[in-house]
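If you want the building blocks of each chain, they are given just below.
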Amino acid sequence: PRLRTISSNAAVTLGELLYDLLLERLGGWQKRDDKPSAYSLIEQALPTPEQKAEFLAVLADKAATGKRIGHDEAKELLEEKAATISSGTNNHQLAAEALSFYEWLGLITKTETIEFPLQPMAEVCAAVGYFGRWRSNPEASLSDRTLWRVISFVAAIARRRGLLDKIRNPLTAYLDN
């Protein structure tokens, strides 16, 4: 849908296209097929696609660096994140429903471990997490040079949201490092 609405001479990056795809999936993929949402807990606790993406970023951080995540570790990471964002919600249930929701959308697969079938999607999800952390702590830094593509996606997300100035310090620090 995004490609249909842009002019042929518009400058759109891969990061922006992936970010748009992620938000489209998280924001109502089922609505396109007139399917009801069976995930009321996640819809209530995380009503926007951006919130759902930031929740998923907890798992993507590991996947973007090639680390495998077991089911128990994934649930624990999501429960910890749930404790910071929602009050009155059963963190264990939210974590379990989120795993099922993300799998249903095709963003993750559950085999022996939790995996992202598309590495670039894992990287843009991880970028959402870095973007959120850098917005809340502009003095944060990152020195892992292997995450260059994730950081380029952070810049694309910031640009898309009109917040590039908010993360300029950590972005510049990464590039200068």
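It should be noted that the structure appears before, not after, this text.
Residues numbered from 1 in each chain as written. Predicted model: local features only at pLDDT ≥ 70, side-chain atom pairs only at ≥ 80, totals over all residues. Heavy atoms only, no water.

1. A few points about the pattern of salt bridges
Item 1. Going through the model one piece at a time under the given rule, you end up with eleven salt bridges.
Item 2. Between R160 and E16 there is a salt bridge, with its nearest N and O atoms 3.6 Å apart. With R160 in helix α9 (residues 148–160) and E16 in helix α2 (residues 14–26), this residue pair connects regions lying 144 residues apart in the sequence.
Item 3. For R160, a relative accessible area of 26% corresponds to the partly exposed category.
Item 4. For E16, a relative accessible area of 4% translates into the label buried.
Item 5. Across the pair E43 and K52 runs a salt bridge, and its minimum N-O distance is 3.2 Å. (Salt bridge = Lys/Arg side-chain N within 4 Å of Asp/Glu carboxyl O. Helix = DSSP H or I, 4+ residues; strand = E, 2+ residues; numbered from the N terminus. Buried < 20%, exposed > 50% of the residue type's maximum accessible area, 1.4 Å probe, protein only.)

2. Notes on the nonpolar core
Item 1. One finds L22, L56, L59, Y102 and F116 to be the most contacted residues of the largest nonpolar core, which totals 57 residues.
Item 2. The element best represented in this core is helix α8 (residues 119–136), accounting for ten residues. (Core = buried A, V, L, I, M, F, W, Y, C linked by side-chain atoms within 4.5 Å.)

3. Thoughts on helix α6 (residues 71–85)
Item 1. End to end, α6 covers 21 Å across 15 residues, agreeing with the expected 21 Å (1.5 Å per residue, within 8%).
Item 2. In this fold, the buried residues of α6 make contact with α5 (49–64), β1 (69–70), α7 (91–104) and β3 (113–115). (Expected span 1.5 Å × (residues − 1). Contact = heavy atoms within 4.5 Å.)

4. Description of the packing of aromatic side chains
Item 1. Tallied over the full model, the rule gives five aromatic pairs.
Item 2. Aromatic pair Y39 and W104: ring centres 5.5 Å apart, planes at 45°, arrangement tilted. With Y39 in the loop between α3 (29–32) and α4 (40–45) and W104 in helix α7, this pair connects stretches of sequence that are 65 residues apart.
Item 3. By relative accessible area, W104 is classed as partly exposed at 38%.
Item 4. Their ring planes at 35° and their centres at 6.5 Å tell us that F101 and W104 sit as a pair that is tilted. One end of the pair is F101 and the other is W104, both in helix α7 and three residues apart, which spans about a single turn.
Item 5. Given the relative accessible area of 0%, F101 is considered buried. (Phe/Tyr/Trp six-rings, centres within 6.5 Å; stacked < 30°, edge-to-face > 60°.)

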